[in-house]
Amino acid sequence: NKYLFAALSFDERNFSLGVDFNSFQIDKPGFIQTKANFHYIYKVQLDNKLFFLPALSFGIGNVQYNLSTIVFEDQLNLTTGLINSETIDPTASRLQNVNYFDLGGSFLIHNDNFLFGVSLKHLNRPNISHNFNEEQLKPIRVTLNGGYEFNLNPFDRGFLPQDSYLLTYTAFSHFNNSFYSFFSQEAQLGEFSIGLSQKLTYQDTINLNNIGISVGVSVENLDFGVLYNFPVRNQEKVFSPSIFELYLTFDFSKFRRNQRGLFKRINTDNYF
């Protein structure tokens, strides 16, 4: 899975623009899904440091299969046991490309200490079916998320860095018969961070649960780190893959460059 994103804020006009690109691939059976999203976010100041951010999202997606990794029935030669390289199965042409348009909406309320948001994805129920005679509509996905950031060193004790915070975050998602929950606790100790995460997923009759650990470092405008999720299995038929993730972000903000924004994750410094 490869994910890229960028955002640009026009603070004097009270809006921001964002783009993101995601590519997800499974080698067997050669499943490939790519999607690009464009986001428009408007900023409304409710109080001294309390902001309301409604947003609209527009996406273009593509789903396809790599036919070189798939064997159709007419390719099997039962007499010789060989596999022919070509197929005339009409399904083959349908598996190559499905394009769709996606629409979403969301809002976020936050100040320097907390955030709360709601996200709605696939509002237009795009059809991603490879069968022209049947519909496979993406279900609407509803997500609730919230977070709170604690100051771990409000009295500037010497045993902790001056900028020490604990960010707790929670997200719940529901679509069709699937339920997804995510919890994280990340301690930011100056330029270094260490965190824990817990993911609980129930999809029909399959449970995909894991526990993760992350380590990161901030150097001026750069943030980079590594995450690893350990699968949680029990005696039932439960499979959850281990996940290894690398991330790198660059922030052009003058507040980050001068460390005026400190190392706090939730802040409103760049709004003024």
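For clarity, every value in this text was computed on a predicted model and none was experimentally measured. (Residues numbered from 1 in each chain as written. Predicted model: local features only at pLDDT ≥ 70, side-chain atom pairs only at ≥ 80, totals over all residues. Heavy atoms only, no water.)

Engineer: Looking at this structure, how should I read a nonpolar patch on the surface?
Structural biologist: The grouping of Phe116, Leu120, Leu123, Ile140, Val142, Leu144, Phe172, Phe179 and Tyr202 at the surface amounts to a nonpolar patch, some 710 Å² of accessible area in total. Inspection of the secondary structure assignment puts Leu120 in strand S7 (residues 114-121). Leu120 gets classed as partly exposed once you look at its relative accessible area, which sits at 31%. (Patch = residues over 30% accessible without salt bridge, like charges linked within 9 Å, V, L, I, M, F, W, Y side chains within 5 Å. Areas by Shrake-Rupley, 256 points an atom, 1.4 Å probe, with all protein chains shown as cover. Salt bridge = Lys/Arg side-chain N within 4 Å of Asp/Glu carboxyl O. Helix = DSSP H or I, 4+ residues; strand = E, 2+ residues; numbered from the N terminus. Buried < 20%, exposed > 50% of the residue type's maximum accessible area, 1.4 Å probe, protein only.)

Engineer: Even after reading the chapter, I still don't get the pairing of strand S14 (residues 222-232), so can you show me in this structure?
Structural biologist: One face of the sheet, then the other: side chains in a regular strand alternate in exactly this way. Alignment of strand S13 (residues 209-219) against S14, held across 11 bridges, turns out to be antiparallel. Bridge pairing links Gly212 to Asn229 in S14. Where S13 folds back on S14, the antiparallel hairpin that results is connected by 2 residues, among which Glu220 adopts a positive phi of roughly 50°. (Pairing = 2+ DSSP bridges.)

Engineer: What exactly am I supposed to notice about the packing of aromatic side chains here?
Structural biologist: The relative placement of two aromatic rings is captured by the distance of their centres and the angle of their planes. As enumerated under the stated definition, the model contains 13 aromatic pairs in all. An angle of 25° between the planes, with centres 5.5 Å apart, marks the rings of Phe15 and Tyr40 as stacked. On the criterion of sequence distance, the pair formed by Phe15 in strand S2 (residues 15-26) and Tyr40 in strand S3 (residues 31-42) is long-range, its members being 25 residues apart. Every member of this aromatic cluster is reached through a ring pair, and the members are Phe10, Phe15 and Tyr40. Across from the ring centre of Tyr180, 5.7 Å away, lies the NZ or CZ of Arg141, which sits over that ring. (Phe/Tyr/Trp six-rings, centres within 6.5 Å; stacked < 30°, edge-to-face > 60°. Lys NZ or Arg CZ within 6 Å of the ring centre and 35° of its normal.)

Engineer: Quick question: what am I supposed to make of the pattern of salt bridges here?
Structural biologist: Proximity of charged atoms lets side chains of opposite charge pair with each other. Under the defined criterion, the tally for this structure stands at 5 salt bridges. Residues Lys35 and Asp102 are paired through a salt bridge, measuring 2.5 Å at the closest nitrogen-oxygen approach. One end of the pair, Lys35, is in strand S3; the other, Asp102, is in strand S6 (residues 98-110), and 67 residues separate them in sequence. What makes Asp102 buried here is its relative accessible area of 2%. The partner of Glu149 in a salt bridge is Lys264, and the shortest N-O contact between them spans 3.1 Å. Here Glu149 is found in strand S8 (residues 141-151), whereas its partner Lys264 is found in the segment after helix H2 (254-257), with 115 residues between them in sequence. Given a relative accessible area of 17%, Lys264 falls into the buried group.

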